Amino acid sequence: MKNSRITLGIIGIIVFGIILFILNLLIGSVTVPIEDIFKVLLKENTDNTLSVIVFNYRLPQALTALLAGAALAVAGLLMQTLFRNPLADPSMLGISSGASLGVGIVILLTGAISGAAVSSFGWWSTIGVSLAAFIGAVLVLFVMLAFSSRMKNMTTLIIVGLMIAYLAGSITDILKFFSLKEDIHAFVIWGMGSFSGVGVSKMPVFAASIIIGLFVSFFLSKNLNILLLGEMYAENLGLNIRKNSVVIILVSGYLTAIVTAYCGPIAFVGLAMPHIARFLFKSSDHRLLIPATMLIGMDMALVCNLIARMPGFDGNLPINAVTAFIGAPVVISVILKSRK
Amino acid sequence: MEILKATSLSIGYDDKTVVSDINVTLSEGDIIALVGPNGAGKSTLFKTFSTHIMPLGGKIELFGKDLMSYTPKERAKLLGIVLTERPDDMFLKVFDVVAAGRYPYTGMFGKLSEKDEQEIKVSLELVGVNNLIDRVFNTLSDGEKQKVMIAKAIAQNTPIIMLDEPTAFLDYPSKIELFSLLKKLAKEQKKAILFSSHDLELLLRYTDNLWIIAKNQPFAAGTSAELLKNDVIKNYFELKDADNDYLLKEKM
């Protein structure tokens, strides 16, 4: 009976996801009629405009949302279990701030040094921004790893992460002070988050990077389950605490770094989705929670992308405004429930 | 049969020695109470035995081999612990907690075999809480939680079980019940059991073998009658002569 409930739940989430995915292809500033979408997808349609809209914009955007949602949600789950803190998420480790600083340095300093806004460099600027975000995120990740292998106490690590986030944030603010107005504008836009940055050309690399990270996370489920008992018990059961922490931080940080590099810092997906998975399945078994969180993260990102692109908003609504709108109430209700 | 042996062992943190010159053995079927005031080094000794911290000097042997020569996985099958710390996850079930005891025996994804499932059920039965198997751990009473953690250690199937302050949050009847459970494990399962407590009166009444740790005093081990007779307990716990005589008489 219990297993059938789980199967039903998973199927429900997948069906919901498929519907959302199709809606993502249909709805936007130009509405694609539902009877045309399959023709377009099967390339039977000769109407070029629809085909271009679907293949060049909506499909890659929906795929990006799908992958980014799954990656961020799993990254959040790993952090919450590792730190045994329901409010942990990758941004707590300062990884998103590291990415922001990297992007800040590229966007804000280019103008200050060369005198021309970064956007005037065209195609190069996109690559530069993704690369800078990745380097920034990975650098913070390595700093955190160095700390985590030296400290056994997870709370101290969270505090170090928050301090690094503040430091990176303040350096970014200082950079802004010396920057061109256009550059600050470009930086603010990046900071709002968007699933439209990946596009067709960068999709293969983005998708492969995310799928590798998600695949690896499945192998962590046994150790994550043991960690739920507390570190001392886990250690007594034969788990190498330090090595395990390093691996979990590495996987979580890697997933966050990739997503942030391509989509900007996206809040609340990593924080809220694991809670929905736990409450939906009333389980703490990571062999179930990892796939469930992944699927729920996909659905959530597709919902947010859909709302941000609703006719009327013209795709200008920042993703972060939408994720916060859905994520914040989830987090509040979790806190209220767990305090009972 | 001798399972664990410590020879001129010094324990502590970094360069701060807490207790030195510990010479003890733990054998099959032993049930030993580690007694001493808070802060005297009971937890430090536990952490040293469970290799959470390194000994500062001397050696610890497990089945005649140096404790550190075992891999963490091997040690996990030899020594199980029950701490005062409790898992606090919202959805973690009693079954999951006890199943964690099977972790050293399962494969990469932690899939439980039929034998594992059987061991989990038997362990819960042994401590008398098989009716709680589907409950959320967090919703149990202190006594029930304690029993489930002991079931975890039983499922871990180790020749040694160490329990840190197992009576700490229990009411009196539960304490007595716990002692008889530990005795049963030592007798029927031939396990060596070491537990810590600072409840001297209860220990003298229900256990026979004591290891005593006290600040600025040498480590002492022996039966409670011996330790009462040669005034070790009296000196360590600063008892009055009359109280010591009373306890000794009761023990005889």
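Residues numbered from 1 in each chain as written. Chains lettered and ligands numbered in written order. Predicted model: local features only at pLDDT ≥ 70, side-chain atom pairs only at ≥ 80, totals over all residues.

Another point: the overall build of chain B. If you tally the helices and strands in chain B, you get 10 helices and 10 strands. Its C-alpha radius of gyration of 19 Å places chain B within 12% of the 18 Å reference for a compact globule of 252 residues. Counting across all 252 residues of chain B, residues that qualify as buried make up 42%. At a minimum sequence separation of 6, the contacts of chain B that also span at least 24 residues come to 68%. (Helix = DSSP H or I, 4+ residues; strand = E, 2+ residues; numbered from the N terminus. Rg over C-alpha atoms; globule rule 2.2 N^0.38 Å. Buried ≥ 20, exposed ≤ 12 C-beta atoms within 10 Å, placed from the backbone. Contact = placed C-beta atoms within 7 Å.)

On a plain count of helices and strands, chain A comes out with 14 helices and zero strands. Counting from the amino terminus, helix and strand elements in chain A follow one another as α-α-α-α-α-α-α-α-α-α-α-α-α-α. Against the 2.2 N^0.38 benchmark of 20 Å for 340 residues, chain A shows a C-alpha radius of gyration of 20 Å, consistent with a compact globule. The principal-axis extents of the C-alpha atoms in chain A amount to approximately 65 × 60 × 35 Å. Looking at the 340 residues of chain A, the share that counts as buried comes to 48%.

Here we take up the nonpolar core. All names here are of chain A. Counting 167 residues, the largest nonpolar core has A68, A71 and V74 as its most contacted members. The element best represented in this core is helix 3 (residues 48-82), accounting for 16 residues. Aside from chain neighbours lying at most four places away, what touches A71 is I210, G213, L214, L255, I258 and V259. (Core = buried A, V, L, I, M, F, W, Y, C linked by C-beta atoms within 7 Å.)

Attention shifts here to the sheet that holds strand 1 (residues 2-13) of chain B. Residues and elements named next belong to chain B. Read from one edge of the open sheet, four strands run 2-1-4-5, paired in antiparallel fashion. With partners counted over all chains shown, the strands left at the sheet margins are strand 2 (16-27) and strand 5 (65-66), one partner each. Pairing geometry for strand 1 and strand 4 (residues 57-62), over five bridges, is antiparallel. Within strand 4, the residue paired with K5 across the bridge is E61. (Pairing = 2+ DSSP bridges.)

Now for the sheet that holds strand 10 (residues 220-223) of chain B. All names here are of chain B. The six strands are arranged 6-7-8-3-9-10 in an open sheet whose pairing can be described as mixed. Two strands bound the open sheet, and with one partner strand each, they are strand 6 (79-82) and strand 10. Ignoring strand direction, the axes of neighbouring strands in this sheet form an average angle of 20°. Across four bridges, the pairing between strand 9 (residues 209-212) and strand 10 is antiparallel. (Axes fitted to C-alpha atoms, helices over the stretch in contact; angles between N-to-C directions.)

All names here are of chain A. With 20 residues, helix 8 (residues 199-218) extends 28 Å from end C-alpha to end C-alpha; this agrees with the ideal 28 Å at 1.5 Å per step. Bending of helix 8 peaks at approximately 30° at the position of V205. Those residues of helix 8 lying buried are F206, S209, I210, G213, L214 and S217. As for helix 8, its buried residues are in contact with helix 3, helix 11 (241-263) and helix 13 (286-308). (Expected span 1.5 Å × (residues − 1). Bend = angle between axes of the 7 residues up to and from the residue.)

Moving on: the interface of chain B and chain A. In this assembly, 23 residues from chain B lie in contact with 22 residues from chain A. Looking at the side of chain B that touches chain A element by element, the count peaks at four residues for helix 2 (residues 72-76) of chain B. A per-class count over the side of chain B that touches chain A returns 14 nonpolar, four polar and five charged. (Nonpolar A, V, L, I, M, F, W, Y, C, P; charged D, E, K, R; others polar.)

Glancing now at the packing of helix 3 of chain A against helix 11 of chain A. Residue and element names in this part refer to chain A. In contact at an axis separation of 9 Å, helix 3 and helix 11 are set at 150° when each is read in the N-to-C sense. Comparing the axis directions of helix 3 and helix 11 gives the class roughly antiparallel. The two elements helix 3 and helix 11 meet at a crossing, and its hand is left-handed. For the pair formed by helix 3 and helix 11, the contact residues are T64, A68, A71, L72, V74, A75, L78, M79 and L82 on the first element and S245, I248, V251, S252, L255, T256, I258, V259 and C263 on the second. (Parallel < 35°, antiparallel > 145°, perpendicular 65-115°, else oblique. Left-handed = near helix turned anticlockwise from the far one by under 90°.)

Time to look at the pairing of strand 7 (residues 160-163) of chain B. Where a strand is regular, its side chains alternate between the two sheet faces. All names here are of chain B. Along strand 7, one buried face is formed by I160 and M162 and the opposite face, lined by I161 and L163, is buried too. Bridge count between strand 6 and strand 7: four bridges; the pairing is parallel. Across the sheet, residue G80 finds its bridge partner in strand 7, namely I161. Across four bridges, strand 7 lies against strand 8 (residues 192-197) in parallel orientation. The residue of strand 8 that forms the bridge with I161 is I193. Between the parallel elements strand 7 and strand 8, the chain passes through helix 6 (residues 172-188) in a crossover that is right-handed. (Right-handed = clockwise from strand over helix to strand, strands pointing away.)

Our focus in this paragraph is the packing of helix 3 of chain A against helix 8 of chain A. Residues and elements named next belong to chain A. Running from N to C, helix 3 and helix 8 cross one another at 25°; their axes reach a closest spacing of 10 Å. Between helix 3 and helix 8, the angle falls in the class roughly parallel. Along this stretch, helix 3 crosses helix 8, giving a crossing that reads as left-handed. In this structure, helix 3 uses N56, P60, L63, T64, L67, A70, A71, V74 and L78 to contact helix 8, whose residues at the interface are G199, V200, M203, F206, A207, I210, G213, L214 and S217. The residue makeup of the contact of helix 3 with helix 8, split by class, is 13 nonpolar, five polar and no charged.

What follows covers the confidence of the model for chain B. Mean pLDDT for chain B: 90, with 100% of residues reaching 70 or above. Both scores are available for the predicted complex, with the pTM at 0.89 and the ipTM at 0.92. (pLDDT = per-residue confidence, 0-100.)

All names here are of chain A. Following the sequence through the fold, G69 ends up in helix 3. The class of G69 is buried, set by 30 C-beta atoms lying within 10 Å. Note: C-alpha distance between G69 and M294 (225 residues apart in sequence) is 7.4 Å. Discounting residues that sit within four places of it in the chain, G69 has contacts with V269, G297, M298, M300, A301 and L302.

Let's shift gears to the environment of A:R58. Residues and elements named next belong to chain A. Structurally, R58 is set in helix 3. C-beta crowding within 10 Å serves as the criterion here: with 24 such atoms nearby, R58 is assigned to the buried category. Each C-alpha atom of the pair R58 and M298 lies 15 Å from the other, and the pair is 240 residues apart in sequence. The residues contacting R58, other than those within four sequence positions of it, are N24, L25, G28 and I53.

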